[in-house]
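Each chain, letter by letter, is given below.
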Amino acid sequence: MIKLFTQTSCNSSRKARQWLRDHEVQFEEQNMTKVAPTPAELKHILSLTENGIDDIISTRSRAYPKIAAQLPNMSLNDTLAMLCAEPRLLRRPIIVDAHKVQIGFNDDEIRQFVPR
């Protein structure tokens, strides 16, 4: 099952949701503003990325400057706990299934989630 992690005011999240609906792809949506991802969900997402934490953290987030200096010295578990407490630090949307992940909305890359 595809899981779509979104945030309420995110235009890219709306585009991804609409694209999946338009292509009749079943998915489960989780609004990170209301229900933050769990450490286990973040570990799964990280296992599918190329650059780990760098791929999922939004450096454009207003909260990022507050943690930027601490981030390189944080353990993985501390980083995951911080991201669960502050999901605004995550890039969005995050589209994930058992074997694939897409961070952000890209009209070409999202096609990987369409069943053959």
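Coordinates for the structure precede this section.
In what follows, the accompanying structure is described. Note that the coordinates shown come from a computational prediction; the quantities given were computed from them, not determined experimentally.

### Describing the overall build of the protein chain
In step 1: The secondary structure content of the protein chain amounts to five helices and four strands.
In step 2: Radius of gyration (C-alpha) of the protein chain: 14 Å, near the 13 Å computed for a compact globule of 116 residues.
In step 3: Viewed in the frame of its principal axes, the protein chain has a C-alpha envelope of about 45 × 25 × 25 Å.
In step 4: The buried share among the 116 residues of the protein chain stands at 43%.
In step 5: For the protein chain, the share of sequence-separated contacts (at least 6 apart) that also reach a separation of at least 24 residues comes to 66%.
In step 6: For the protein chain, the accessible area works out to roughly 7,000 Å², and carbon and sulfur atoms hold 46% of it.

### Regarding the side chain of Thr6
In step 1: With respect to the helices and strands, the residue Thr6 is situated in strand E1 (residues 2-6).
In step 2: Given the relative accessible area of 1%, Thr6 is considered buried.
In step 3: At a separation of 2.9 Å, a polar atom in the side chain of Thr6 contacts the side chain of Glu29.
In step 4: For Thr6, the residues in contact, after removing those within four places along its chain, are Ser13, Arg17, Glu29, Gln30, Asn31, Met32 and Thr33.

### Considerations on the pattern of salt bridges
In step 1: Counting across every chain of the model gives five salt bridges.
In step 2: Across the salt bridge formed by Lys3 and Glu41, the nearest N and O atoms sit 2.7 Å from each other. With Lys3 in strand E1 and Glu41 in helix H2 (residues 39-47), the pair connects residues that are 38 residues apart, well separated along the chain.
In step 3: On the basis of relative accessible area, Lys3 is assigned to the buried category, the value being 16%.
In step 4: The residue Arg88 makes a salt bridge to Glu86 at a minimum N-O spacing of 2.6 Å.
In step 5: The exposure class assigned to Arg88 is partly exposed, which follows from its relative accessible area of 46%.
In step 6: Within this structure, Lys3, Glu28 and Glu41 form a network of salt bridges that share partners.

### So, the side chain of Ser58
In step 1: With respect to the secondary-structure elements, Ser58 resides in the loop between helix H3 (53-56) and helix H4 (64-67).
In step 2: If near-sequence neighbours (up to four positions away) are discounted, Ser58 is found in contact with Tyr64, Leu89, Leu90 and Arg91.

Cut-offs and rules
- Residues numbered from 1 in each chain as written.
- Predicted model: local features only at pLDDT ≥ 70, side-chain atom pairs only at ≥ 80, totals over all residues.
- Heavy atoms only, no water.
- Helix = DSSP H or I, 4+ residues; strand = E, 2+ residues; numbered from the N terminus.
- Rg over C-alpha atoms; globule rule 2.2 N^0.38 Å.
- Buried < 20%, exposed > 50% of the residue type's maximum accessible area, 1.4 Å probe, protein only.
- Contact = heavy atoms within 4.5 Å.
- Areas by Shrake-Rupley, 256 points an atom, 1.4 Å probe, with all protein chains shown as cover.
- Polar contact = N/O pair within 3.5 Å; in protein donor to acceptor, adjacent residues only side chain to side chain.
- Salt bridge = Lys/Arg side-chain N within 4 Å of Asp/Glu carboxyl O.

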